[in-house]
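Spelled out, the chains give:
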Amino acid sequence: MNFDGRSVLYGLYGYPVGHSVSPPMQNAAFAAYGIDAVYQSFNVEPAALAEAVKAIRSPGMGGVNLTIPHKRAVVKYLDKTEGKAAASGSVNTIVRRDGRLVGYSTDGEGFIRSLREEAGLDLIGKKVCLLGTGGAALALAVRLRREGVGALVVITRQASRDKIEWPTGVVSALEAVLTYEMVQADPKTLADCSLIVNATPLGMSPLEDAMPEIPCDVFRSGVVLYDLIYRPARTKLMCLAEAAGATVMNGLGMLVYQGAASFELWTGQPAPVAAMRIAATNALYQS
Ligand code: NAP
């Protein structure tokens, strides 16, 4: 594809934006449909975010993704937020529609689609444990609640649950908010969890040797461990859980499906998920 003045520009705003998989993944999606568009990463310092968002209003731009540290900070510069973004106060996709900037969160959608397509897990009435209370964990809590999970147990380093900015609707689903020390002392709290989600950076490069300190006997056959980390492909926690008989998944599926949901918002077309997955896998693991 030759890019010229008619090509539409999409991008990723982050700081530092680093070595992201989103450009190869989204460019593979545009290429699969012959869409005249290009996607690239932009290193946007927090102080430059307002100006960078204004740029999305220019005619050549179609929209952007947001990553750390902009997901929450960007909300005040938008004309509107929709659905899960409105509930969680976190935006990872901006669409320019009729001259207005509309914010969405596709993280939860990506996670649920990955669980459904790759693990076939039915969440209704199930107990789910979330490790961490960062942007990803809280976005997933909103989505899990809407999917009809029976109860959420959240493990955090925070001494008080009042320190956490719980999104609308999540508090009523909380069965317990515990510290790692509390869970180690009383592992029974996690005994009937069907799904355990690592939403902390522990295990992610360069913290490959680290893992969240939860009792390993929670892992057994019938339990799914979903580690949001995709680099490395297998974390220490995943290896341990698998050895104990649990089903393990890394964050690649969520990454692909959240990108697919962004593509669908921008173009109105079903995303070429297989092409996006190949591009993401090559970018992550073949280099
Ligand atoms: P974040 O906002 O920085 O939150 C991470 C949370 O992890 C923190 O709020 C903290 O929760 C906990 N944490 C941080 N350092 C810790 C430590 N040393 N020990 C124990 N807990 C710690 O990050 P995020 O955006 O939510 O992302 C979390 C993870 O998900 C990252 O690994 C990220 O790469 C991954 N992710 C993957 C995808 C995907 O598509 N696969 C998408 C988004 C994020 P407490 O203070 O409550 O302990």
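Here the structure is shown first, and the text comes after it.
Residues numbered from 1 in each chain as written. Predicted model: local features only at pLDDT ≥ 70, side-chain atom pairs only at ≥ 80, totals over all residues. Heavy atoms only, no water.

### A few points about the packing of aromatic side chains
And step 1. Under the defined criterion, the tally for this structure stands at seven aromatic pairs.
And step 2. A centroid spacing of 5.9 Å and a plane angle of 25° characterise the contact between Y33 and F263, whose relative ring orientation is stacked. Within this pair, whereas Y33 is found in helix α1 (residues 22-33), its partner F263 is found in helix α8 (residues 252-267), the two being separated by 230 residues in sequence.
And step 3. Its relative accessible area of 0% is what places F263 among the buried residues.
And step 4. Residues Y39 and W266 carry aromatic rings whose centres are separated by 6.1 Å and whose planes lie at 50° to one another, so their mutual orientation is tilted. (Phe/Tyr/Trp six-rings, centres within 6.5 Å; stacked < 30°, edge-to-face > 60°. Helix = DSSP H or I, 4+ residues; strand = E, 2+ residues; numbered from the N terminus. Buried < 20%, exposed > 50% of the residue type's maximum accessible area, 1.4 Å probe, protein only.)

### A look at the side chain of T200
And step 1. Looking at where T200 falls in the secondary structure, it is placed in the loop between β10 (195-198) and β11 (224-227).
And step 2. Overall, T200 belongs to the buried group, its relative accessible area being 14%.
And step 3. A distance of 2.8 Å separates polar atoms of two side chains, one belonging to T200 and the other to N198.
And step 4. Polar side-chain contacts of T200 include one of 3.1 Å to the backbone nitrogen of L202.
And step 5. Setting aside residues no more than four positions away along its own chain, T200 makes contact with L131, G132, Y180, P212 and I229. (Polar contact = N/O pair within 3.5 Å; in protein donor to acceptor, adjacent residues only side chain to side chain. Contact = heavy atoms within 4.5 Å.)

### As for helix α4 (residues 107-119)
And step 1. Compared with an ideal rise of 1.5 Å per residue, which puts 13 residues at 18 Å, α4 spans 17 Å between its outermost C-alpha atoms and is within 8% of the ideal.
And step 2. All of the buried residues along α4 are D107, G108, G110, F111, I112, R113, S114 and L115.
And step 3. At its buried positions, α4 is contacted by α5 (135-146), β10, β11, β12 (247-249), α8 and α9 (273-285).
And step 4. Remark: G120 follows α4 within two positions and exhibits a positive phi of approximately 60°. (Expected span 1.5 Å × (residues − 1).)

### Details of the site of the ligand
And step 1. Taken together, 20 residues form the shell around the ligand, and within it T133, A136, T156, R157 and Q158 come nearest.
And step 2. L228 is positioned such that a nitrogen or oxygen atom in its backbone is 3.0 Å from a nitrogen atom of the ligand.
And step 3. Taking L255, its main chain carries an N or O atom lying 3.3 Å from an oxygen atom of the ligand.
And step 4. Compared with its free state, where it exposes 900 Å², the ligand has 78% of that area covered by protein.
And step 5. Of all the secondary structure elements, the ones that give two or more residues to the shell around the ligand are α5 and α8.
And step 6. Here the residues of the shell around the ligand sort into 11 nonpolar, eight polar and one charged. (Near = heavy atom within 4 Å. Areas by Shrake-Rupley, 256 points an atom, 1.4 Å probe, with all protein chains shown as cover. Nonpolar A, V, L, I, M, F, W, Y, C, P; charged D, E, K, R; others polar.)

Any functional reading would require information beyond the geometric quantities listed.
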